[in-house]
Each structure stands twice: as structure tokens, then as C-alpha cells.
Amino acid sequence: MWDYSKKVLEHFLNPRNAGEMAEPTVVADVGNIACGDALRLYLRIEDGIITDARFKTFGCASAIASSSVLTELVKGMSVDEAAGITDDDIVRELDGLPEAKMHCSVMGCEALAKALALYRGEKPAPEDSGRIVCRCFGITDNKIIRAIRDHDLTTVDQVTHYTKAGGGCGKCREEIAEIIRYTRADMAARAKRSSQSPPRTNLQRMQQIIQVIDDRIRPSLRLDGGDIELVDIEGTTVTVALRGRCAGCLAGAVTLRDVVQHTLREVVDAAIEVKEAP
Amino acid sequence: MTNTPPVYMDNNATTAVDAEVLQEMLPFFSERYGNPSSIHNFGGGVGKKIDEARCRLAGLIGARPDEIIFTASGSESDNTAIRSAIATNADRRHLVISKVEHPAVLNLARHLVTGGFRVTEIGVDAMGRIDLDELSSSLTDDTAVVSIMWANNETGNIYPIERIGALCRERGILFHTDAVQAVGRIPMRLSELPVDLLSLSGHKLHAPKGIGALYVRRAVRFEALVIGGHQEGGRRAGTENVPGIVGLGKAAELAAERIPIENSMVRALRDRLESSILASCPDVSVNGDPENRLPNTCNISFGYIEGEAILLSLDIHGICASSGSACTSGSLEPSHVLRAMGVPFTSAHGSVRFSLSVQNSDADVDRVIQVMPGIVAKLRAMSPFSPEAPYFQNASQDTCPSGGSCS
């Protein structure tokens, strides 16, 4: 039996705000029944304030308790305040969750992010895009990378606890280990950089772009049989060519924008534009 | 939690040590603690109690006392049996098991694959039954051993041991059966069956944990797993777990008397529990083969709700059961037995196993029947899924998100 806190059991037995909402402003569905947990979050938002929140959850005690505290947390918050809620906040509200159940709090947070994105008319958050790593649970590399960064994860088991990735057939465990390796290398590089003093010279920026492509982007593309070649760097414009299975791949444009440009902007410079070599 | 004693319906997980068993064991902890291998009468006399226990256990399963080796667990017996079978058939590199074996067999076989063995895992149908033709056609001249459980721990399904053994014997292949769930619940006479090796465990039949046994038919070649002293005729080294052995002996004697009760009273309790739940809760189904099942086991899937949530809700009422849900296992996938049967994930996640024993009563069944509909209704009211909306509409999510590689 899991070692649940009193708070988890209390919210499981007496869930707050369980059940459907009539005329919600937004409804967000995450998870699915096949994977063992699913959450439908209803929000009523009036003048930018969440005036009511309700949920319906298929899942274990910690999934139901996470949903329950999430609805309590967001009620009365502005949309901007709610956007700042993390899965750690949910875990804290519950006086902790067993590590293997962390994905329940993550699911709550995902539902909230999705609902707020729908309200703002935005595209899905980046972790919904990316390349599927865990086929059993449909978990993308972006979601794994984000979990590693947010929770400072170091082992495959930890990634499984937070995202479920690798918890099914287990075939992707080696790939997750590789993602941990390059994400942590990148985190270490960033930590080192942030301790160094800006500003950067053009040359430093170029070196960094080369390093990020070599250490992070290329290993990720290679897992899918693709590759990348750096053609030119001019100011903040980076020209690359996709190789291997990425060349001629219909998703090439998406890869350029979501993987290459997104990563370079995040790590090196927000002004970077990535172009494909003609 | 209420103050009344729990309603314990998880006897396939473990059973309570019977009061008579405990009484018989107690002197061997502190008064008669001698080593049965000693020359002096203080120790040597203990050996006679071991002989008695061996005779009692042999009586329960219809074997001869010299065919019984005491071990520390069912898992040890399974490991010893299969490793002995392949060691004594060194030119054969193939094993046949079923997909619904206990992990003690399943994971051992998969481990042996890394050592160069081929393993055929026989599938099961929707009711968990194995296909004897598939089993028969999987046997080759290279097959060292077939290991098929006598009864399944999750569904209670009973497998056709006599027919499987006959198929093996025709081909000169050793046959092992993991009978951990069957011994003490259904009658068996091994002297009349084509079974070469059989594993059993004490704590499933009201003996303590930490004691098991392996039956090795006379004339079957055997190689010990635990090498060392001469105990158990050199077939299992290690100073005997005397209290455990004495306890298993007494439990075997009691079980031999109680098998008729298992198949009358316990069966009636189980049947009433099952039919009441089916009648009072909508969208439920029974997993397993209703025709060939242990009398004590009932595995029910509750649609649209999750097993751990059901178990915790039962626990609040002092009711102990178990589930094939992913959330209870620590893994993230539901029971390998239910998946092998092709039970939809949606039903597997909401499966609950009730396993009874001679210690259950009508009042126990009444208590479960009383609370079950309320628990199901409460969790259903909270679930986003229902017969009208079995999955989220905005995505094809009735299977795995990526197209179902995990099924």
C-alpha cells in the first residue's frame, strides 16, 4: 500500500468540487482511460478571474486528490496567477505524494495549463509537441526534458515517476537515459554560463550555437535517424541543413521551428532565427 | 477505519496462520530449538517432527514423503524446479510456459533467455484458457521443460494439468507446475498424474510465510539449487526452518480435511458475493473462466473507475482485496494476466480480486455487498467516462495515444 499523507486520503475521501460544471468557460481534457488516469477540468472565468473550478477524474487516490486541491487552489485566482501554479504547488498542498505518484500532480498542472491556453486562444504548450519517446503513454521528448529541468531529475526511474515515460514496455528507457544525459549537460552548461558575466561577443555566441547543436540538438535528431549540418551564422540568423531521415521529412519545417529554433532561442539568444539552407 | 476486525478477502496474496498451526509451531522456537542434524537426542528428536510434516504434506498432495523437498518459498521451488530441469537436460535449450504464469516463473524464463535459452510463452483466450493445440505444437526435441501453473493467482483459473502432463510425457519432456494457489484448495493425487515437478507455498494455506516445498517425482533427475550441507537428502542445503516445516505439516493436515469445505461453503460464499455484485453494480464483468475456477477466487472489472481508488474505498470499510490496476502495482501497466487475456485496458485498470478462505463468513460477504454499490456510484460520479462517453472525444483515446504499442 502507498504511504499517502492524511491530506491525500482526506481529499480522496471528500473531494472538493468533484463533478460536472454547467456552462463552463473552458473545459480541458488530459490523460486517457487506457493509460490509467485522466482528468477533465472545468473552469468558469469571469473578467479574468477564475470564479469556479470543478473536475472529473478517472484514476487512483492521488489523481483524485491532486484534482481536488487543484480546483481549490485556482478558485478566486486571476488567470495570470493561476498560470503560475506548478505541480510542486499541488504536491505541497497535499503534504507530499509518493515519488511514484508524482505524475498525478503533473497531470493536474497539465490540465490547468491546457485550460488557460484554451481560454487565451493559444496553441498547446510546448510539451504537447515534440517527438514521441514513450510509445506506451505517448510522452514526448519535450515533456521529459521539461520534467528533468523543473524537478532536477537524474535517473530514468525519476522520469517515469513524474511523466510515466518508460513505465510501460520499458523499450524507451535507454533513450530516456540519453535525454537525461544531454539535458543535464545542457543544464550544467547554462549554470556555468549564468555564473559568467555577460555580455557575449559575436564569437562567443557563435561558439555557443555550435555547442548547442552538437551537444543537444544533433543527439536528439539522431535518435530518429536524422542529422543536422550548420551552414552559416550571420548575427542572429542561423542557417542549417537537415540530413538523414530529417531531409525531405514532411515534419522538417516543424523540426526547424520547434526543435532547432526553440532550443537555440532558449539557450543562446531569444532573437535567433533559424533558416533552412536552400 | 472501523474497530471491527477486517473482512479479509485477499487470501491469494497470503492467508492467516491457523491457530492450530501456530500452536504446533511454538515449541520449536524456544523449547525444542535443536538442530535436526545433531547427534544428541535434543536435536535429533526434532528430525522426527520434520519427518511427520513431510508425511502430512505428502498426504495432502497424494505423493510419497521422499518426493517432498522443503524450501523457503514458492518462488524458490519454481526456480529450483526449472533450473534443475534444464541442468539435467543440458543438451536442450527450449522452455515452454504460459503468458499468465506468476512472475517467479515468467521472469525466471525471461532471464534464462539472456543465457541463450529460447522460451515459448503460450497465449490465453479472453477467458484466460490456454490452447492445448498451441502448447502441443510448441513442443520440440529441444524442449527441456514445460511449466504451466495449476491455478492462476489473479483469475483463479484452473489449467488442465493432467492433459498438459500427458502431452509432455508423450514427448519425453519434463513437466513442472506452479501449484501455489491450487494446493489445499482443490484435491490432487500426484501419484496418479503425469506431473514431474510441483511447487507450493505454505503461506497460501494457513501456514506461515518463509516455508515452501517442491515435489520431485521419484526417478526424475534432480540438481540442487542451494548447494552446501546434506539437508533434505542433499537436495536443498541449509539448516531446516523447523518451525516453518512443522507449521506447513500441520497446515497440510488441516487443508486435507478442509478441501471439501473450500468446495462447498467457500464456493457458496464466493458465488453469492459475485452474483450480488453483478446484480447491484452496472457495467461490471467477471474476468476468468467461470467453469474452471478455484472455489475461492472472484475477479471483477468495474468499468470507468480505477482499481486503487476502489481498494482504498473498501479499505475504509475494513475490507481487504487486491487489484490488477497499474496504480496498485508500482508499475504503470495493468496486470500481465488480464492483458494476456485481452481484457481492455479500461476494464483491467478497474479490476478487483476477492479471494476468500475457510475463515470467511456470510457476514463478511454481507459487508462487501452492502458497501460496494455506494463505492462504485461515488467513483463513477467523479469519473469523466461512462458508457455514453467511454473516452475523451477530442482525441482517439480509447487505446494508447501512440497507437497502442503497449497492448
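Rules of the game
- Residue numbers restart at each chain and count upward from 1, following the sequence in its written direction.
- Chain labels run from A onward and ligand labels from 1 onward, assigned in the order the entries are written.
- Where totals are concerned, whole chains, interfaces and linings use all residues; where local detail is concerned, this predicted model gives features only for residues with pLDDT of at least 70, and gives and counts side-chain atom pairs only at 80 or more.
- Water and hydrogen atoms play no part in the side-chain values, which are based on all heavy atoms of the structure.
- Helix and strand assignments follow DSSP, with helices taken as H or I runs no shorter than four residues and strands as E runs no shorter than two, numbered in order from the N terminus.
- Categorising residues by exposure relies on relative accessible area from a 1.4 Å probe, with only protein chains included: less than 20% of the type maximum marks a residue as buried, more than 50% marks it as exposed, and the intermediate range marks it as partly exposed.
- Where accessible areas are quoted, they stem from the Shrake-Rupley method and a 1.4 Å probe; at the residue level, only the protein chains shown are allowed to cover.
- Positive: Lys, Arg. Negative: Asp, Glu. His and the chain ends are not part of the count.
- Charge positions come from single atoms, namely NZ of Lys, CZ of Arg, CG of Asp or CD of Glu.
- Here a polar contact means two N or O atoms within 3.5 Å. Within protein one must be a hydrogen donor candidate and the other an acceptor candidate, and residues neighboring in sequence count only if both atoms are side-chain atoms.
- Two residues form a contact once any of their heavy atoms are found within 4.5 Å.
- Here the expected span of a helix is defined as 1.5 Å times the quantity of residues minus one.
- Take the seven residues that end at a residue and the seven that start at it, fit an axis to each, and the angle between those axes is the bend at that residue.
- The domain limits used here are those given by an automatic or database domain assignment.
- Here the quantity called buried area is the accessible surface, traced with a 1.4 Å probe, that two parts lose on coming together, added over both.
- Residues belong to one nonpolar core when they are buried, are Ala, Val, Leu, Ile, Met, Phe, Trp, Tyr or Cys, and are joined through side-chain atoms within 4.5 Å.

*Asks:* Honestly, the overall build of chain B in this entry has me stumped. Any pointers?
*Replies:* Check the secondary structure of chain B and you find 14 helices and 13 strands. In chain B, which comprises 407 residues, the proportion classed as buried is 57%. Accessible surface, chain B: about 15600 Å² in total, of which carbon and sulfur atoms supply 53%. Charge-centre separation for chain B: the mean point of 36 positive side chains lies 4 Å from the mean point of 46 negative side chains.

*Asks:* How should I be thinking about the side chain of N296 of chain B in this particular structure?
*Replies:* Residue and element names in this part refer to chain B. On the secondary structure map, N296 appears in the loop between β9 (284–287) and β10 (297–302). A polar side-chain atom of N296 sits 2.7 Å from a polar atom in the side chain of T297. Excluding its chain neighbours within four sequence positions, the residues that come into contact with N296 are N12, R185, E262, V266, R270, F354, S355 and L356.

*Asks:* Please explain helix α14 (residues 362–382) of chain B as it appears in this structure.
*Replies:* Since there are 3.6 residues in each turn of an α-helix, residues three or four apart along the chain are aligned in direction. Residue and element names in this part refer to chain B. With 21 residues, α14 extends 31 Å from end C-alpha to end C-alpha; this agrees with the ideal 30 Å at 1.5 Å per step. In the structure, α14 departs most strongly from a straight axis at V371, where the bend amounts to approximately 30 degrees and where the proline P373 lies between one and four residues downstream. All buried positions along α14 are accounted for by D364, V365, V368, V371, M372, I375, V376, L379, R380 and M382.

*Asks:* I tried to follow the domain arrangement of chain B on my own but got confused; where do I start?
*Replies:* Quite often, the size of an interface is put as the accessible area lost when its parts meet. Residue and element names in this part refer to chain B. One can read the domain layout of chain B as domain 1 (7–13 + 259–394) and domain 2 (19–255). Using only C-alpha atoms to locate each centre, domain 1 and domain 2 end up separated by 29 Å. At the junction of the two partners, domain 1 supplies 27 residues and domain 2 supplies 30 residues. Summing both sides of the interface, domain 1 and domain 2 together bury roughly 2300 Å²; the carbon and sulfur share of this comes to 55%.

*Asks:* Quick question: what am I supposed to make of the nonpolar core here?
*Replies:* Nonpolar side chains tend toward joint burial in soluble globular proteins. L43 of chain A together with F302, L314, F354 and M372 of chain B are the most contacted members of the largest nonpolar core, which has 88 residues in total. When sequence neighbours within four positions are dropped, the list of residues in contact with F302 of chain B reads I277, C281, D283, V284, I310, G350, V352, M372, V376 and R380 of chain B. In terms of nonpolar packing, the next biggest core, distinct from the first, is built from 63 residues, I50, I61, V96 and I148 of chain B among them.

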